[in-house]
Amino acid sequence: MLPPEILDVAAGLIGLGLLISVLNSRAGSVSMGMGSVMVGAALLSNIPTGWEVVAVGFFGLIIVAGLWMISVGIKKQRA
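Attention here is on the structure that accompanies the text. In this numbering scheme, every chain counts its residues from 1 along its sequence in written order. It should be noted that, the model being predicted, local features are given only for residues of pLDDT at least 70 and side-chain atom pairs only at 80 or more, the latter also being counted only at that level, while totals for whole chains, interfaces and linings use all residues. As a convention, hydrogens and water are excluded, and side-chain values are obtained from all of the structure's heavy atoms.

Secondary structure summary: the protein contains three helices and zero strands in total. Sequence-ordered secondary structure for the protein, helices as α and strands as β, is α-α-α. The principal-axis extents of the C-alpha atoms in the protein amount to approximately 50 × 25 × 15 Å. Carbon and sulfur atoms provide 73% of the accessible area of the protein, an area that totals close to 5,500 Å². Note on conventions: DSSP H or I runs of at least 4 residues are helices, E runs of at least 2 residues are strands, and numbering of each starts at the N terminus. In this description, accessible areas are obtained by the Shrake-Rupley approach with a 1.4 Å probe, and a residue is regarded as covered only by the protein chains that are shown.

Here you go:
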């Protein structure tokens, strides 16, 4: 189980990403994506018994969406 403080860091990254996205959308996307991946990992580390399939589905989608946001942020822009 991951420490609960990781959720605080993740929330900070998501909030920072929202603020940064006004100035630089790519950096904001990477920051929000990193926060989303951290949230998904923290939630997957503490799944109640009997909810494994549902949790992997929903929290796995959070991780996939976060990784997608990171890839969009670091991808080179076409000219």
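More follows now that the structure is in view.
In this analysis, axes come from line fits to C-alpha atoms, helices being fitted only over the stretch in contact, and the angle between any two N-to-C directions falls in the range 0 to 180 degrees. The contact between helix H2 (residues 25–44) and helix H3 (residues 52–74) brings their axes to 7 Å, and the two run at 160°. Between H2 and H3, the crossing angle belongs to the class labelled roughly antiparallel. For the pair H2 and H3, the sense of crossing is left-handed. Residue-level inspection shows Arg26, Ser29, Val30, Met32, Gly33, Met34, Ser36, Val37, Gly40, Ala41, Leu43 and Leu44 of H2 in contact with H3, the latter providing Ala55, Val56, Phe59, Ile62, Ile63, Gly66, Leu67, Met69, Ile70, Val72, Gly73 and Ile74. Charged means Asp, Glu, Lys or Arg here, nonpolar means Ala, Val, Leu, Ile, Met, Phe, Trp, Tyr, Cys or Pro, and polar covers whatever is left, Gly included. Split into classes, the residues belonging to the contact of H2 with H3 amount to 17 nonpolar, six polar and one charged. Here the word oblique covers every angle except those under 35 degrees (roughly parallel), over 145 (roughly antiparallel) and from 65 to 115 (roughly perpendicular). Throughout, a crossing is termed right-handed when the near helix is turned clockwise from the far one, and left-handed when it is turned anticlockwise from it by less than a right angle. Residue contacts follow a heavy-atom distance rule, with two residues in contact if any of their heavy atoms lie within 4.5 Å.

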